[in-house]
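# Understanding the architecture of this molecule
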There are 2 protein chains.
Amino acid sequence: LMPTNDPRMAARLHVDAPLDGREIALDEARSHYLRNVLRLQPGARIAVFNARDGEYEASIAAAGKRGSRLAIGARRREPAAEPELWLCFAPIKRARLDAMIEKATELGVSRLVPVVTQHTNMDRVNIERLGAIAVEAAEQSERLSVPEIAAPVDFAELLAAWARPRPLIVGDETGGGAPIGAALSDLRAPVAVLVGPEGGFARREIELLARQDFVRRVGLGPRILKADTAAIAMLAIVQAMIGDGAAPPRFIAADAAS
Amino acid sequence: LMPTNDPRMAARLHVDAPLDGREIALDEARSHYLRNVLRLQPGARIAVFNARDGEYEASIAAAGKRGSRLAIGARRREPAAEPELWLCFAPIKRARLDAMIEKATELGVSRLVPVVTQHTNMDRVNIERLGAIAVEAAEQSERLSVPEIAAPVDFAELLAAWARPRPLIVGDETGGGAPIGAALSDLRAPVAVLVGPEGGFARREIELLARQDFVRRVGLGPRILKADTAAIAMLAIVQAMIGDGAAPPRFIAADAAS
């Protein structure tokens, strides 16, 4: 994969530092990536962004073992946060979890909420790794913000402290929900999506869900989807039907080299 | 993951043999799976299915090293092929390709068409492995058919021999297409979806696409999606808006054990 979609830029990096100054210092990890992975020399042009400042051109001013310095150039884009869209998820096996975080970020989630359910194994959850995956997916997908990763929350607490009236959309394999297409024609953003663990929700969790006025159980068609597939499908459908799916692509691709 | 969604059945297997007889022989691979992976004993109940006969109960009649025999019981479901939905894809890196095939199968594709483009590396494509992934995903997602995997076809030939008027939906990152939600309100199934390789389509391929009256370029929102994410998103949106997304789940899940 290319480090950036824009052939004029050698990389696209999320940086926390304010971008309206003349120069910023990069941390060791990002310096290492530019110098040893992408093998960029001083003077190379890259793009840097964060949700507060938008996206700027930058060039490598100095590259050393302890860190690099970037000279900040012209602003390329105004700041623009992703519209609110939450994914609440019970952590699943590592490879599937990583892919789910990557794809949820590409699809524009603003907030990722790990949920501890009865059948969840939290040992496998490394919040820091999930954050790194989200940053990389934000960089590659031309986002201007990185999704927030919430602290893990217990399932019952998630429901008890819910920010009403935000609808919480849950896939329902029992046939108890309206098809997602019909259900969404009745809802407006912002919404949240919830997916369970590999073993499904426990009986008392299903009963708790059924008692919440903000929960919308939806049908996802005749086939049974894995948790990660269900999450990606629901997010894609939400964006296309009531999200920012009608917004034009942020990056106008140059024709690919032939 | 559970070998089956139905707690009354120890496994769910796709088998080619006719299911209307009294007994069938299982090949070595499936026999090995039942005996050594699931550790099932003679008498264990499983479900077997294929597109021609539907789904039947079966029990293990004899298990040996060279193969097992199944006694076929009552029919559980009438045959029901998935509605036509094609995914045409330029093969991508192995892990992403495998996940794309799995998720496309869960989402109900009827036909998977590997497409050779200028930026495609076909060395990495093992059609037999893709077939095995599709069978496993069909078994776990309660499908009654397995997607057909077509022989790889050259990009120009795919377009030149296209089965008009079937619309071919292509994600467009240049802003040249209507948003997918709006585009689909104008289309009816069956449709096909096309995704390119990691490096994108070559310039002459983009020009070829632009000349086809059956190609519908669609916008997928402001962010740039990886090829596998775009494929999964487009298939999910197609099913929800003009596919079988309104059909009830085939499997009525028993409450999960608590």
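Residues numbered from 1 in each chain as written. Chains lettered and ligands numbered in written order. Predicted model: local features only at pLDDT ≥ 70, side-chain atom pairs only at ≥ 80, totals over all residues. Heavy atoms only, no water.

## Things to note about the environment of Phe251(B)
Relative to the elements of secondary structure, Phe251(B) occurs in the segment after α7 (227-242). When the C-alpha atoms of Phe251(B) and Glu142(B) are compared, they prove to be 6.9 Å apart, with 109 residues separating the residues in sequence. Setting aside its immediate chain neighbours within four residues, Phe251(B) contacts Glu173(A), Ile224(A), Asn5(B), Asp6(B), Pro7(B), Arg77(B) and Glu142(B). (Helix = DSSP H or I, 4+ residues; strand = E, 2+ residues; numbered from the N terminus. Contact = heavy atoms within 4.5 Å.)

## Points about the sheet that holds strand β4 (residues 54-64) of chain B
Pairing between sheet strands relies on hydrogen bonds along the backbone, with the strands arranged either parallel or antiparallel. Residue and element names in this part refer to chain B. What the 5 strands build is an open sheet, ordered β1-β3-β4-β5-β2; its pairing is mixed. In the strand order of this sheet, the two ends are held by β1 (12-14) and β2 (23-25), each with one partner. Averaged over all neighbouring strand pairs, the angle between strand axes comes to 40°, with direction disregarded. In this structure, β1 lies alongside strand β3 (residues 45-50), joined through 3 bridges in parallel fashion. Paired with His 14 across the two strands is Phe 49, which belongs to β3. (Pairing = 2+ DSSP bridges. Axes fitted to C-alpha atoms, helices over the stretch in contact; angles between N-to-C directions.)

## Section: the pairing of strand β7 (residues 111-116) of chain B
Successive side chains on a regular strand alternate, one facing one side of the sheet and the next facing the other. All names here are of chain B. Examined bridge by bridge, strand β6 (residues 86-89) and β7 share 4 bridges and lie parallel to one another. When the bridges of β7 are listed, Cys 88 appears paired with Val 113. The handedness of the β6 to β7 crossover, carried by helix α2 (residues 94-106), is right-handed. Where β7 meets strand β8 (residues 148-149), 2 bridges bridge the pair, whose relative direction is parallel. Pairing of Leu 112 across the sheet is with Ile 149, part of β8. Between β7 and its parallel partner β8, the chain crosses via helix α3 (residues 127-140), and the hand of that crossover is right-handed. (Right-handed = clockwise from strand over helix to strand, strands pointing away.)

## Regarding the interface of chain A and chain B
With 61 residues of chain A at the interface, the matching set in chain B holds 60 residues. Summed over the shared surface of chain A and chain B, the number is 8 salt bridges. The shortest N-O distance in the salt bridge between Arg223(B) and Glu82(A) comes to 2.5 Å. Counting the contacts that link chain A with chain B gives 26 residue pairs in polar contact (both at pLDDT 80 or more). When contributions to the side of chain A that touches chain B are tallied by element, the ones reaching two or more residues are α2 (94-106), α5 (180-184), α6 (203-210) and α7 (227-242) of chain A. A total of 9 residues in the side of chain A that touches chain B trace back to one element, the largest contributor, which is α7(A). Residues of the side of chain A that touches chain B, tallied by class, amount to 26 nonpolar, 17 polar and 18 charged. (Salt bridge = Lys/Arg side-chain N within 4 Å of Asp/Glu carboxyl O. Polar contact = N/O pair within 3.5 Å; in protein donor to acceptor, adjacent residues only side chain to side chain. Nonpolar A, V, L, I, M, F, W, Y, C, P; charged D, E, K, R; others polar.)

## Quick notes on the confidence of the model for chain A
When pLDDT is averaged along chain A, the result is 91; 95% of the residues meet or exceed 70. Contacts from residues 253-258 of chain A, a stretch scored under 50 in pLDDT, to residues over four places away or in other chains number 14 contacts. (pLDDT = per-residue confidence, 0-100.)

## Some details on the pattern of salt bridges
Residues and elements named next belong to chain A. This model, assessed by the stated rule, comprises 53 salt bridges over all chains. Residue Arg 52 pairs with Asp 53 through a salt bridge whose shortest N-O separation is 3.4 Å. The class of Asp 53 is buried, set by a relative accessible area of 9%. Ionic pairing is found between Glu 55 and Arg 77, a salt bridge with its closest N-O pair at 3.2 Å. (Buried < 20%, exposed > 50% of the residue type's maximum accessible area, 1.4 Å probe, protein only.)

## Notes on the packing of aromatic side chains
Under the counting rule described, the total for this entry stands at 6 aromatic pairs over all chains. On the basis of an interplanar angle of 45° and a centroid distance of 5.4 Å, the ring pair of Phe155(A) and Phe201(A) is categorised as tilted. On the criterion of sequence distance, the pair formed by Phe155(A) in helix α4 (residues 155-160) and Phe201(A) in the loop between β12 (192-195) and α6 is long-range, its members being 46 residues apart. Relative accessible area serves as the criterion here: at 2%, Phe155(A) is assigned to the buried category. Ring geometry for Trp162(A) versus Phe214(A): centroids 5.3 Å apart, planes at 15°, classification stacked. Remark: Phe214(A) occurs in the loop between α6 and β13 (215-219) and Trp162(A) occurs in the loop between α4 and β10 (168-171); sequence separation between them is 52 residues. Of the two residues examined, Trp162(A) and Phe214(A), each falls in the buried class. Above the ring of Phe49(B), the side-chain terminus of Arg12(B) is found at 3.9 Å from the ring centroid. When the ring centre of Trp86(B) is taken as origin, the NZ or CZ atom of Arg111(B), which lies over that ring, is 5.0 Å away. (Phe/Tyr/Trp six-rings, centres within 6.5 Å; stacked < 30°, edge-to-face > 60°. Lys NZ or Arg CZ within 6 Å of the ring centre and 35° of its normal.)

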